[in-house]
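Okay, here's what each chain looks like letter by letter:
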Protein chains: 2
Amino acid sequence: MADPTGDEELFRALCAGDRVALGKAITLVESTRRADRDRAVALVEQARSVQRTTLRIGITGIPGVGKSTLIDPIGREAIGHGHRVAVLATDPSSIRSGGSILGDKTRMDELSRSEHAFIRPTASRGNLGGVARRTQETILLCEAAGYDVILVETVGVGQSELEVDRMTDLNVLLTIPGTGDELQGIKRGVMESADVIVLTKADPKAATLYADARRSLLNAIAFLPARDSGKRPEVLLTEALSGDGIAALWAHIVSMSEGSHATGYFEKRRAQQNAQWLQHALRDGLLEELLTDPGIAAHLETLQASVRSGELGPFKAAAELIERFRTSGGRLP
Amino acid sequence: MADPTGDEELFRALCAGDRVALGKAITLVESTRRADRDRAVALVEQARSVQRTTLRIGITGIPGVGKSTLIDPIGREAIGHGHRVAVLATDPSSIRSGGSILGDKTRMDELSRSEHAFIRPTASRGNLGGVARRTQETILLCEAAGYDVILVETVGVGQSELEVDRMTDLNVLLTIPGTGDELQGIKRGVMESADVIVLTKADPKAATLYADARRSLLNAIAFLPARDSGKRPEVLLTEALSGDGIAALWAHIVSMSEGSHATGYFEKRRAQQNAQWLQHALRDGLLEELLTDPGIAAHLETLQASVRSGELGPFKAAAELIERFRTSGGRLP
C-alpha cells in the first residue's frame with residue numbers, strides 16, 4: 001500500500017528537478033496496479049498545486065513527416081530562450097497490428113543531451129487495451145518538475161490529433177509538400193485542430209514547390225472554420241537539419257501564446273480541457289477499476305470465452321459484468 | 001420497468017419485418033434510461049439468436065465525397081439481387097462544434113422508397129458526450145428484422161474509419177481524384193482500413209484524370225501492409241448518377257465476401273470483432289451506469305463545478321466519483 005512518507009520524498013525530489021524522481025512518478029501514474037492508484041491521485045493533485053506558467057504544444061503529423069527531427073531543434077531553441085523542455089511521445093499503438101508504429105526514438109539526439117530537457121518515449125496501450133496512457137497527468141508532473149514547455153508528440157493516425165487537441169494549448173501540424181500521392185494528404189478534421197502548419201524539409205533548391213504548397217494550404221485553410229481562438233493557422237517553412245525557419249517557428253508559437261493569454265482564451269481553454277479530462281478520466285478509470293477487480297477477473301475470462309465461442313453476446317456479457325461489478329461494491333484488495 | 005409480454009410482441013413484430021417495431025427496438029437499445037437497459041440487453045440477445053448470413057459493409061470517406069449518393073444506387077443494386085438493405089448513418093457529432101456535420105439525409109431518395117430498404121439516420125452523441133451510439137447492437141436488430149445487407153455510413157473524420165472497421169465485414173472507402181488540394185487526401189490509417197477504394201463521380205469526360213488517379217492510388221496501396229484478409233484494396237470507378245460502375249462494384253463486394261467465407265476469414269473476423277465489442281460495451285456501459293446513477297448525479301455536478309473552478313483536479317475528481325460509485329454498489333432506481 002501507499003507509503004505517504006516515501007511519496008512526500010518523491011514529490012520533493014521531483015519539484016527539485018530530479019529526473020529519476022520524475023521518471024518514477026510518471027511510472028506510478030501510468031501504473032494499472034490498484035495499490036498505486038491512490039498514490040497516483042495524490043501525487044497528481046500535489047503537482048497540480050504547483051502554479052507555474054507553462055506552454056503545452058502538440059506536435060502532430062503522419063509517420064515520416066519529421067516530427068522527432070523537428071522537435072530536436074525547436075526544443076533547443078526554447079532552451080536557448082531560458083525554458084526547460086519536456087517531450088512526451090504518445091505513439092498510440094497501431095490499432096491494426098497491436099504493435100508500436102515507431103521504432104527508435106533516437107532522433108532527438110542533441111536535445112536528449114541537454115540538462116534542460118526531459119524526454120519520455122512511451123508507447124500507449126491504446127483505448128482498446130483498456131487503459132489509455134495518462135498523458136494529461138504526466139504533463140502536470142513534468143510541469144511540477146520545472147519543465148515549462150511541454151511538447152506532446154503524436155503519430156498522425158486515427159484520432160490522435162483530436163486527443164492531443166484536448167490536452168495542449170496549441171498544436172503544430174507537420175506536413176511535406178509535393179509528394180504527389182494521397183498518402184501525404186491531411187484530413188479535414190486534422191487540419192481543423194492545427195494552430196500552425198509547418199512544411200518540413202523545406203529544401204531551398206525546391207523553393208517554388210514550397211511556395212506553391214504554402215499557397216495551396218493557405219487557400220484550403222481559408223475554407224476551414226476558424227479555431228476557437230478566433231484564428232486560422234499560419235503556414236511556416238522549416239528545414240530541421242540546417243535549422244532554417246526554427247527561430248521563426250518558435251517566435252510564432254510564443255506570439256500565439258501571448259495573444260491567447262491577452263484575450264483570456266488561454267485560461268478559458270484550459271478550464272474547458274479540465275472538464276473534458278474529467279470525462280475521460282472517468283471512462284478510463286471505470287474500465288481500469290473493473291478490469292483490475294479481483295472479484296471480476298475470473299468471471300471476465302469465462303465471459304470472454306463465451307463471447308468468443310458465440311454462446312453469449314458481447315452486449316449481454318458487458319451488462320452482466322457491470323452488474324456484478326456494481327453489486328460486489330467497493331471491495332479493495 | 002420491463003414489460004416482457006410487450007417486448008416479446010415487439011420482437012415478434014420485428015422478426016416479421018415490421019419497420020415500426022424495428023424503429024422502436026433501435027430506440028430502446030439507444031436509450032440511456034436505466035429502466036430500458038435490461039430490456040435492451042434481452043432484445044439484442046434475442047436478435048443475436050436469429051442466425052442468418054448477412055454482409056456488413058462500411059462506407060467511409062470525407063464529407064462531400066458522395067457517400068449518400070453512392071449508397072442509393074448500390075443499395076438498389078443489392079435489392080435487385082434479392083437482398084434487403086439497411087442503412088445506418090453514424091454521423092459522429094463534430095468534436096469541435098458539438099453539432100452534427102451532415103445536414104439533410106435526403107440524398108437516398110430512391111432507396112428510401114423501396115419496401116426492401118430501411119434507412120436509419122441518427123446522429124451519435126460521440127464518446128465525449130458519454131455514450132456512443134449502439135451501432136453494433138443496431139446491426140443485430142436490423143439483421144433479425146430480415147435485412148441481410150447492412151450499410152454503415154460513416155463521416156470520414158477522426159476515428160470513424162477505425163470504429164467502423166471493428167463492426168463491418170468489409171469497408172468501401174470513397175474518394176475523388178484530382179481536386180489538387182490536401183483536403184481531399186487520404187490518411188495512411190484510413191487507407192489501411194479499406195477493402196476497396198472507389199473513385200466517385202467518375203466523369204467520362206475526365207477519363208484520363210481518373211485513370212491517373214487510379215494508377216497513383218494503386219501505387220500507393222502497394223506500399224501499404226495487406227489487410228488481415230491477406231488482400232490489398234482494388235480501386236474501382238463509379239458515377240452514381242448515371243449508375244456507371246455500380247453493378248461492377250456490387251459484384252466485387254460479393255466476390256470479396258465469397259472469398260472471405262471460403263478462407264474462413266469471414267467467421268474469424270466476426271469472432272474477433274465480438275471480443276472487441278465486449279471491451280467497448282464495457283467501457284461505454286460503465287460510464288453510462290455511473291452517469292445515470294441517481295446517487296451520483298448530484299455529486300457529479302458538485303465535482304464538475306469544483307473542476308471548472310480549478311479547486312479540484314479532474315484526475316482526483318474522477319477517482320472520487322469512481323470510489324463513490326463503487327461503494328454505493330448496485331442500487332437501482
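Residues numbered from 1 in each chain as written. Chains lettered and ligands numbered in written order. Predicted model: local features only at pLDDT ≥ 70, side-chain atom pairs only at ≥ 80, totals over all residues. Heavy atoms only, no water.

(A) Region of the structure containing the environment of Asp195(A). Residue and element names in this part refer to chain A. As for its position among the elements, Asp195 is in the loop between α8 (188-191) and β6 (196-199). Assessed through its relative accessible area of 10%, Asp195 is described here as buried. In this structure, the C-alpha to C-alpha distance between Asp195 and Leu237, residues 42 residues apart in sequence, is 14 Å. There is a polar contact of 2.8 Å between the side chain of Asp195 and the backbone nitrogen of Asn171. A polar atom in the side chain of Asp195 sits 3.0 Å from the side chain of Arg227. (Helix = DSSP H or I, 4+ residues; strand = E, 2+ residues; numbered from the N terminus. Buried < 20%, exposed > 50% of the residue type's maximum accessible area, 1.4 Å probe, protein only. Polar contact = N/O pair within 3.5 Å; in protein donor to acceptor, adjacent residues only side chain to side chain.)

(B) Spatial organisation of the pairing of strand β1 (residues 55-60) of chain B. Residues and elements named next belong to chain B. Of all six residues in β1, six are buried; the element is thus mostly enclosed. Residues Leu55, Ile57 and Ile59 of β1 are buried on one face, and the alternating residues Arg56, Gly58 and Thr60, pointing to the opposite face, are buried as well. Where β1 lies against strand β4 (residues 149-153), five bridges are found, and the strand directions are parallel. Within β4, the position partnered with Gly58 by the bridge is Val152. In terms of strand pairing, β1 meets strand β5 (residues 170-175) through four bridges, oriented parallel. Each bridged residue has a counterpart across the sheet, and for Gly58 the counterpart in β5 is Asn171. (Pairing = 2+ DSSP bridges.)

(C) Region of interest: the packing of aromatic side chains. Considering all chains together, one arrives at three aromatic pairs over all chains under this definition. Ring plane angle 45° and centroid distance 6.3 Å describe the contact between Phe325(A) and Phe325(B), whose orientation is recorded as tilted. In this pair, Phe325(A) sits in helix α13 (residues 314-327) while Phe325(B) sits in helix α13 (residues 314-328), so the two residues belong to two different chains. The exposure class of Phe325(A) is buried, given its relative accessible area of 0%. With a centroid separation of 5.8 Å and an interplanar angle of 40°, the aromatic rings of Phe118(B) and Tyr147(B) are classed as tilted. Here Phe118(B) is found in strand β3 (residues 117-121), whereas its partner Tyr147(B) is found in the loop between α6 (135-144) and β4, with 29 residues between them in sequence. The class for Phe118(B) is buried, based on a relative accessible area of 7%. Residue classification places Tyr147(B) among the buried residues on the basis of a relative accessible area of 1%. Taking NZ or CZ as reference, Arg84(A) lies 4.3 Å from the ring centre of Tyr147(A), over its face. (Phe/Tyr/Trp six-rings, centres within 6.5 Å; stacked < 30°, edge-to-face > 60°. Lys NZ or Arg CZ within 6 Å of the ring centre and 35° of its normal.)

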